[in-house]
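Here are the chains, one letter per residue:
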Amino acid sequence: MGCCVSTSSKSTCSSRSNGEKVSPSCLEVGFCGQKRAARRTFSDHVISLNHLPSIPTRIYSNGKSRASCIFTQQGRKGINQDAMVVWEDFMSDDTIFCGVFDGHGPHGHLVARKVRDVLPLKLLSFLHSSELKRNGNESSKACFKGNIKPDSGDSDKDCTAEDKLDSTWREAFMKAYKAMDKELRSHPNVDCFCSGSTAVTLVKQGSNLFMGNIGDSRAIMGSKDSDDSMVAIQLTVDLKPDLPREAERIKRCKGRVFALQDEPEVHRVWLPFDDAPGLAMARAFGDFCLKEYGVISIPEFSHRLLTDKDQFIVLASDGVWDVLSNEEVVEIVSSAPTRSSAARILVDSAAREWKLKYPTSKMDDCAVVCLFLDGKMDSESDYDEQGFSSATIQSNHSGNPVESDDGQKSEPSLQRNFTVRSSEENETNGALSVNVEDVTLSADDDQNWLGLEGVTRVNSLVQLPRFSEERPNS
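Residues numbered from 1 in each chain as written. Predicted model: local features only at pLDDT ≥ 70, side-chain atom pairs only at ≥ 80, totals over all residues. Heavy atoms only, no water.

S.K.: Which residues make up the overall build of the protein, and what values go with them?
M.R.: A tally of regular secondary structure across the protein gives eight helices and 19 strands. Counting across all 474 residues of the protein, residues that qualify as buried make up 57%. Taking all contacts inside the protein whose residues are at least 6 apart in sequence as the whole, residues at least 24 apart take part in 76%. Roughly 19,800 Å² of accessible area belongs to the protein as shown, and the carbon and sulfur atoms make up 47% of that amount. (Helix = DSSP H or I, 4+ residues; strand = E, 2+ residues; numbered from the N terminus. Buried < 20%, exposed > 50% of the residue type's maximum accessible area, 1.4 Å probe, protein only. Contact = heavy atoms within 4.5 Å. Areas by Shrake-Rupley, 256 points an atom, 1.4 Å probe, with all protein chains shown as cover.)

So, in structure tokens, the structure goes:
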């Protein structure tokens, strides 16, 4: 698709994740130009979509890496529409990209996989562009690192450096998400008009954690408190239509937000002229039938510094969060017999909870990424004992034969089960139309609206819109 960026394999100027400090010589973002000829810089080689499956530090199907394990399981609604990825050595040797993507709609599985593959490349591309801009297109002189650990008392300079770091990563996430949605709109083989995907993504570089998310997939962290007990910290907000600012934006754009009578806990987004499609999230990639009515792909961005008390991060689709609380997930992962089995055990636990709590509901797809912040993982023998084979790991490096970027050779394009429903309009349309690209973000606005226990035991979409009907004049 013409999406090519360059990336580096090694970097020696970033702080390590084990807390070892390296004094910074300049402001950092993640690219290091090396003086030694033997070391490659960020611009030394190019990665395209065709080369992604051969990257040895990138995994996207059930398996483990040096510091993580990932697992997904199909639910009972049709084809598995969840996707996930962990990419170690993302820009430097202490940088990791992780993401979970939950597709919905007739082609949701294709959208989720496309985002999984392309979004990290776009993020790399924009970070590379930022590097070139900062250094007058002299990338070989660049030395960007992830950590800002001041060892002097010059607080003003430190604050300025941290602000610049935050601003650079925020801009890269914003641009990457916008470009990803733009590419989906014009994709020749994936129809995203009534299909889309969530995204919860993070980049860990040294002790810095940068996160961007849209939709209702979630990231949490297991950390130790002052008593050395494990606690759960929610890192992202579930961006659902019932959040006040999300609902306000949608209504200003003449979209409608309401819940059906038989599922009052699930608020959905509806077209102004039709009781469709009933999207159960306020932000998503794709879903272009609703992009004029308040659904956006602008990510919620956050940046935090990790501490020695932070143990692991879990990214998961709503198939997990619908039946397990944050605290339960932290308990399951921390008590797993081996780290490499943590993701699979968590999915198995979610599957059991679906059967116990909602025996008449169809289990949703589940996808989990467990990232251990000390960078350590079990031995290969321990991994094999948990039911994974070496072939599983190696298959991630040689490609997945059942997937394709354009969907031409993927598994049968089975649709999810859509329940056709109707409901009287109970929300008034807003009188003001706004440009969704101008929406500003603030994490503080929703500090009391995290949606910790929100249950969505139904499809992300209710029904496809009937565009054959004449639309009423606005």
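S.K.: Explain the nonpolar core to me, using residue names and the numbers behind them.
M.R.: Among the nonpolar cores identified, the biggest contains 39 residues, and Trp87, Leu123, Trp169 and Phe285 are the most heavily contacted of them. Within the residue set of this core, elements represented by two or more residues are β6 (82–88), β7 (95–104), α1 (108–134), α2 (155–185), β9 (199–205) and β10 (208–214). Considering every element that reaches this core, the biggest residue donor is α1, with ten residues. If you look at the next biggest cluster of nonpolar residues, it comprises 30 residues, including Ile345, Val347, Trp354 and Cys370. (Core = buried A, V, L, I, M, F, W, Y, C linked by side-chain atoms within 4.5 Å.)

S.K.: Account for the environment of Phe173, with residues named and values stated.
M.R.: Considering the arrangement of structural elements, one finds Phe173 in helix α2. When the C-alpha atoms of Phe173 and Leu123 are compared, they prove to be 6.3 Å apart, with 50 residues separating the residues in sequence. Setting aside anything within four residues of it in sequence, one finds Phe173 in contact with Leu123, Thr201, Val203, Phe210, Met211, Gly212, Pro299 and Phe301.

S.K.: A description of the pattern of salt bridges should follow, citing residues and the corresponding values.
M.R.: In this structure the tally under the stated criterion is 20 salt bridges. Glu88 serves as the salt-bridge partner of Arg66, at 3.4 Å between the closest nitrogen and oxygen. With Arg66 in the loop between β4 (63–64) and β5 (68–73) and Glu88 in strand β6, this pair connects stretches of sequence that are 22 residues apart. On the basis of relative accessibility, which here comes to 45%, the residue Arg66 falls in the partly exposed class. The partner of Arg268 in a salt bridge is Glu263, and the shortest N-O contact between them spans 2.6 Å. (Salt bridge = Lys/Arg side-chain N within 4 Å of Asp/Glu carboxyl O.)

S.K.: Outline the sheet that holds strand β15 (residues 277–279), supporting the account with residue identities and numerical values.
M.R.: What the three strands build is an open sheet, ordered β13-β14-β15; its pairing is antiparallel. Lying at the two open borders of the sheet, with one neighbouring strand each, are β13 (256–259) and β15. The average angle at which neighbouring strand axes cross in this sheet is 40°, direction not considered. (Pairing = 2+ DSSP bridges. Axes fitted to C-alpha atoms, helices over the stretch in contact; angles between N-to-C directions.)

S.K.: Now, about the packing of aromatic side chains: what can you tell me, with residues and values included?
M.R.: Within the structure shown, the criterion is met by eleven aromatic pairs. Ring centres of Phe173 and Tyr177 lie 6.5 Å apart, and the angle between their planes is 35°; on these two criteria the pair is classed as tilted. Of this pair, Phe173 and Tyr177 both sit in helix α2, four residues apart, which is roughly one turn of the helix. Taking relative accessible area as the criterion, Tyr177 reaches 1% and is therefore assigned buried. In textbook terms, an aromatic cluster arises when at least three aromatic residues are bridged by ring pairs, as seen for Trp169, Phe173, Tyr177, Phe210, Phe285 and Phe301. (Phe/Tyr/Trp six-rings, centres within 6.5 Å; stacked < 30°, edge-to-face > 60°.)

S.K.: Lay out unusual backbone geometry in plain terms, naming residues and giving numbers.
M.R.: For the bond running from Ala276 to Pro277, omega is -10°, close enough to zero to count as cis. Here Asp228, not a glycine, exhibits a phi torsion of approximately 65°, which is positive. Summarising the element assignment, Asp228 is placed in the loop between β11 (218–224) and β12 (230–234). One non-glycine residue with positive phi stands out, namely Asp287, at about 50°.

S.K.: How would you summarise the sheet that holds strand β19 (residues 366–372) if you had to cite specific residues and measurements?
M.R.: Here six strands make up an open sheet; going across it, the order is β4-β5-β19-β18-β11-β12 and the pairing antiparallel. Each of the sheet's edge strands pairs with one partner strand only, and the pair in question is β4 and β12. Relative to β12, β11 runs antiparallel, the two being bridged by five bridges. Following the sheet pairing, Ile220 is matched in β12 by Gln234. Lying over the sheet, helix α5 (residues 326–334) contacts β11, β12, β18 (310–316) and β19, oriented at roughly 130° with respect to β12. The sheet contacts of helix α6 (residues 342–357) involve β5, β18 and β19, and relative to β5 the element is tilted by about 30°.

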